[in-house]
Amino acid sequence: MNFVLTTALENSGLVSIDQKWVTKRVGLFPLSWQPKLGADYVHIWQTKSFRDANSRLRELADQIYLAGTGLLASSTHDRVKNYAEVISKRLEKDFFDLLRRTDDQEFSINKIIEEVEQRGLVFPLDYSIDCTKDQKVAALARVFKANWWARKIRRLQAKKLEQVARDLSIVHRHNQVYCSNISVSNRQEQKQRNARMIEGLEVVSDEGDVLNLAECVEASVSNPENRRAELMVRMRGFEDVANLAGHQGVFITLTAPSKFHAVHASGRSNNKYQGANPRQTQDYLCGVWAKVRAAWKRQGIEPYGFRVAEPHHDGTPHWHLILFIEPSQLDAAIGTFREYAIAEERSELRNGIQARFDTKLIDPAKGSATGYIAKYISKNIDGHGIDDDHESGRNAQDSAVRVEAWASVWGIRQFQQIGGPQVSIWRELRRVSAEEARELFRQSGNEIPESIEQARAAADASNWAAFVMLMGGPTCKRVDQPLKLHQEIRRTESGEWEENEYGEIISRVRGVIDRVKGTVAMLLTRRKQWSIRRIEHDSEPEAAPWSSVNNCTQPQNTGRPEQTRSTGP
């Protein structure tokens with residue numbers, strides 16, 4: 001325990017048993033946090049009472065425990081893995097023992113649901129609605145798998161640990177901005193483990209082609225550089241559509257009320273803070289957005305653009321939106337958004353609402369909408385092209401690492417397209433060249449439909465604006481768009497439907513279909529089926545594939561999937 005707390009306890013006259021109680025609870029926390037805990041304990045004791053200091057420490061210590069597991073939020077990766085193996089096997093045995101004794105499947109499943117929920121997790125099936133037998137079997141199969149437990153517990157650990165850091169006022173611009181150093185370190189270790197695992201895997205096609213999985217991942221939108229480039233292409237495309245249609249661009253910032261913010265910009269704790277974590281704050285913002293969109297639908301307002309969710313310095317999320325709107329509807333759209341954005345805790349805003357809701361009209365003479373949002377996209381991916389992050393006061397590249405860790409811990413979707421066609425169709429079309437598309441249709445005895453070829457050519461040229469218009473425009477409903485994805489279910493060699501490890505039938509994307517002409521006008525974008533297997537050394541026998549995929553990079557002579565293509569402007 002830290003020197004400050006030890007000295008204070010020794011000088012306090014506390015009996016030995018109280019010192020042990022405090023020491024034990026402080027020792028539950030990461031070593032780097034213990035000085036902060038000690039200082040807070042002493043401060044509360046000196047300004048209030050021992051009872052208040054003990055109550056505060058007890059509350060924090062309770063958050064560290066993972067209920068019903070015997071684990072802590074700071075328990076090691078190996079300890080979690082061991083627990084996951086034990087609990088998954090135990091619950092499987094308990095379920096079948098109970099089923100044999102009672103012959104009551106519903107009762108037996110409910111007991112397993114109770115066991116899962118007692119450990120702070122959510123059973124992987126909404127049992128409040130009618131469920132099929134296959135759905136129940138798949139849910140139980142997950143609970144009986146150690147890797148399901150390990151994943152869920154690690155996510156719960158990350159959230160609990162990070163929330164304690166926020167409650168201790170460790171996370172803010174003057175200390176550990178966006179998220180705690182421990183969460184950043186844990187995220188980096190996780191990514192390194194994933195990278196090591198991927199390096200040991202390869203993908204093999206049903207025709208015998210073999211590719212390194214790490215190279216496939218590097219060429220995909222999992223690569224931050226590719227992800228950033230594609231987002232910028234789509235944003236630029238929306239702006240081009242808006243310019244052609246005469247729509248007005250508006251930049252909107254949406255922020256949660258004060259009660260969601262743990263720490264002031266000065267670094268002082270916020271007395272209004274009510275303990276919400278960033279995930280709960282994100283849910284609140286999503287709730288506001290849902291009300292706004294419902295109201296817009298009633299008013300016939302259909303904006304399109306992008307939303308970026310990013311953290312304030314203390315980890316509380318806020319949103320930036322670039323929306324394009326019909327000029328005649330602009331005032332009504334902003335007024336409606338404003339109404340819902342400031343409805344909660346309206347009194348704290350007094351006469352100024354900018355702290356909660358702020359708008360700026362995009363003036364093309366002063367700069368583009370894409371330029372407006374480019375820095376937010378870059379800041380939240382890799383910091384490319386930005387020198388400093390003004391929110392944190394740090395190097396933008398270093399801040400981006402912390403932002404990525406923050407999004408991972410809290411499960412927050414950083415970027416969301418509003419309106420427009422599915423990007424999945426765009427990506428599928430980019431897999432096939434013009435020559436390959438013509439050849440595929442020639443082999444089937446058909447001419448390539450103009451709807452597919454024009455959309456493919458637009459995607460091939462990274463022309464999102466043209467692609468949007470060919471798909472019916474930025475506000476066209478999905479059911480009315482001319483193209484859709486084609487999915488099909490595969491059979492195994494024995495003739496059974498292909499299933500995943502939980503017994504669920506797998507549906508896979510195979511191509512793009514013209515809605516009017518149907519399957520006769522399908523562009524097959526995934527002509528080979530791929531499986532993942534471990535890379536075997538020369539001294540080892542060749543392993544059979546153990547996981548099926550079909551979204552990896554294909555050999556150069558079989559097509560040009562989007563992962564191998566530049567998605568830049």
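Turning next to the confidence of the model for the protein chain. Here the protein chain averages 88 in pLDDT, and 90% of its residues register 70 or above. Confidence drops under pLDDT 50 across residues 546-569; counting only partners more than four residues distant or on other chains, this segment forms 89 contacts.

A separate point is unusual backbone geometry. You will see that S169, though not glycine, has its phi angle at about 60°, which is positive. Inspection of the secondary structure assignment puts S169 in the loop between α8 (146-167) and α9 (181-199). The phi dihedral of S462 is positive, around 55°, even though this residue is not glycine. Mapped onto the elements of the fold, S462 is located in the loop between α18 (450-460) and α19 (464-470). Using a relative accessible area of 15% as the deciding quantity, one classes S462 as buried.

I322, F324, I373, I377, L429, W464 and F467 are the most contacted members of the largest nonpolar core, which totals 40 residues. Those elements giving two or more residues to this core turn out to be α11 (224-245), β6 (304-311), β7 (317-325), α14 (369-379), α16 (423-429), α17 (434-443), α18 and α19. The element best represented in this core is α11, accounting for seven residues. Aside from chain neighbours lying at most four places away, what touches W464 is V233, R234, G237, F238, Q417, P421, V423 and W426. V177, F260, I334 and A341 belong to the second largest nonpolar core, which has 39 residues in total.

For the rest of this paragraph, the subject is the side chain of R234. Note that R234 resides in helix α11. If sequence neighbours within four positions are ignored, R234 has contacts with F306, Q417, V423, R427 and W464.

With respect to the secondary-structure elements, E310 resides in strand β6. At 3.5 Å, the side chain of E310 and the side chain of K379 are in polar contact. Residues contacting E310, with those up to four places away along its chain left out, are T316, P317, H318, H320, Y376, K379, N380 and W406.

Enumeration over the complete set of coordinates arrives at 20 aromatic pairs. On the numbers, 4.9 Å between centres and 15° between planes, the contact of W45 with F50 is stacked. Of the residues examined, F50 reaches a relative accessible area of 25% and is grouped as partly exposed. Following the ring pairs from residue to residue traces out a cluster consisting of F238, Y304, F306, F324, W426, W464 and F467. Sitting over the face of the ring of W464, R234 holds its NZ or CZ atom 5.6 Å from the ring centroid. Positioned above the aromatic ring of W319, the side-chain terminus of R307 is 4.7 Å from the ring centre.

One pass over the structure, following the stated rule, counts one cavity of 30 Å³ or more. Its boundaries defined by the atoms lining it, the largest cavity holds a volume of some 50 Å³. Where the lining of the largest cavity is concerned, the elements lending two or more residues are α3 (34-47) and α4 (50-64). Split into classes, the residues belonging to the lining of the largest cavity amount to seven nonpolar, no polar and two charged.

In this section: the packing of α3 against α4. Where α3 meets α4, the axes come as close as 7 Å, and the angle between the chain directions of the two elements is 150°. Here α4 runs roughly antiparallel to α3, going by the angle between their axes. α4 is crossed by α3, and the crossing has right-handed handedness. Along the contact surface, α3 presents L37, Y41, I44 and W45, while α4 presents F50, D52, A53, N54, R56, L57 and L60.

On to α17. Of the positions making up α17, those classed as buried are A434, A437 and F441. Projected down its long axis, α17 carries its buried residues within an arc of 65°, all on one side. Exposed residues on α17 whose side chains face more than 90 degrees from its buried face are E435, R442 and Q443. In the stretch just after α17, G445 is the one whose phi turns positive, near 80°.

This paragraph deals with the packing of helix α6 (residues 105-118) against helix α7 (residues 133-143). In contact at an axis separation of 12 Å, α6 and α7 are set at 40° when each is read in the N-to-C sense. What the angle tells us is that α6 and α7 run oblique. Judged by the sense of rotation from one axis to the other, the crossing of α6 with α7 is left-handed. Between α6, through Q105, E106, I109, I112 and V116, and α7, the contact on the second element is made entirely by K136, L140 and V143. Across the contact of α6 with α7, the residue classes tally to five nonpolar, one polar and two charged.

In the structure shown here, the tally under the stated rule is 32 salt bridges. The partner of D97 in a salt bridge is K93, and the shortest N-O contact between them spans 2.9 Å. Pair noted here: D97 and K93 are both in helix α5 (residues 77-102), with a separation of four residues, about one helical turn. Using a relative accessible area of 55% as the deciding quantity, one classes K93 as exposed.

Across the sheet, which stays open at both edges, the five strands sit in the order β8-β5-β7-β6-β11 with antiparallel pairing between neighbours. At either margin of the open sheet sits one strand with a lone partner, and together these are β8 (357-361) and β11 (415-418). The average undirected angle you get between the axes of adjacent strands in this sheet is 15°. Looking at chain direction, strand β5 (residues 248-254) and β7 are connected through seven bridges and run antiparallel. Bridge pairing in β7 places V250 opposite L323. Most of the contacts of α11 go to β6, to which it runs at about 140°, and overall it touches β6, β7 and β11.

Moving on to the environment of R515. By the secondary structure assignment, R515 is in the loop between β13 (507-514) and β14 (518-524). On the accessibility criterion, R515 (30% relative accessible area) is partly exposed. Measuring from C-alpha to C-alpha, the distance between R515 and I112 comes to 44 Å, with 403 residues separating the pair along the chain. Contact partners of R515, with chain neighbours within four places excluded, come to R478, V479, Q481, P482, L483 and K484. One polar contact links the side chain of R515 to the main-chain carbonyl oxygen of R478, over a distance of 3.0 Å. In this structure the side chain of R515 is engaged in a polar contact, spanning 2.6 Å, whose partner is the backbone oxygen of Q481.

Reading guide: rules and limits
Residue numbers restart at each chain and count upward from 1, following the sequence in its written direction. Totals for whole chains, interfaces and linings use all residues, but because this is a predicted model, local features are given only for residues with pLDDT of at least 70 and pairs of side-chain atoms are given and counted only at 80 or more. Hydrogens are left out, water is left out, and the side-chain values use all remaining heavy atoms of the structure. Think of pLDDT as the predictor's per-residue confidence, scored from 0 to 100. Throughout, a contact is declared for two residues whenever any of their heavy atoms are within 4.5 Å. Numbered from the N terminus, helices here are DSSP runs of H or I no shorter than four residues, and strands are runs of E no shorter than two. Exposure classes here rest on a 1.4 Å probe applied to the protein chains alone. A residue is buried below 20% of its type maximum, exposed above 50%, and partly exposed in between. Nonpolar cores are built from buried Ala, Val, Leu, Ile, Met, Phe, Trp, Tyr and Cys residues. Side-chain atoms within 4.5 Å join them into one set. Pairs of N or O atoms within 3.5 Å make up the polar contacts considered here, provided that, within protein, one atom can donate a hydrogen while the other can accept it, and that residues adjacent in sequence are counted only when both atoms are side-chain atoms. Centres within 6.5 Å make a pair out of two Phe, Tyr or Trp rings, where for Trp the six-membered ring is used; the pair is then stacked when the planes are under 30 degrees apart, edge-to-face when over 60, and tilted otherwise. Geometrically, a lysine NZ or arginine CZ counts as sitting over a ring once it is within 6 Å of the ring centre and also within 35 degrees of the ring normal. Method remark: on a 1 Å grid restricted to protein atoms, a set of points is classed as a cavity if a 1.4 Å probe fits but cannot get out and as a pocket if it is open with protein on both sides within 12 Å along at least five of seven lines; lining residues have an atom within 4 Å of a point. Grid points are joined across faces, edges and corners, and a volume is the space filled by probe spheres set on the points. All amino acids are sorted into three groups, where Ala, Val, Leu, Ile, Met, Phe, Trp, Tyr, Cys and Pro are nonpolar, Asp, Glu, Lys and Arg are charged, and the leftover types, Gly among them, are polar. Axis definition: a line fit to C-alpha positions, over the contact stretch in the case of helices; interaxial angles, taken between N-to-C directions, run 0 to 180 degrees. For classification, angles of less than 35 degrees are called roughly parallel, those exceeding 145 degrees roughly antiparallel, those between 65 and 115 degrees roughly perpendicular, and all remaining angles oblique. Handedness of a helix crossing follows the sense of rotation of the near helix relative to the far helix, less than a right angle counterclockwise being left-handed and clockwise being right-handed. It is the directions from the helix axis to the C-beta atoms whose arc is reported. By salt bridge we mean one thing: a side-chain nitrogen of Lys or Arg within 4 Å of a carboxyl oxygen of Asp or Glu. For two strands to count as paired, DSSP must find a minimum of two bridges between them.

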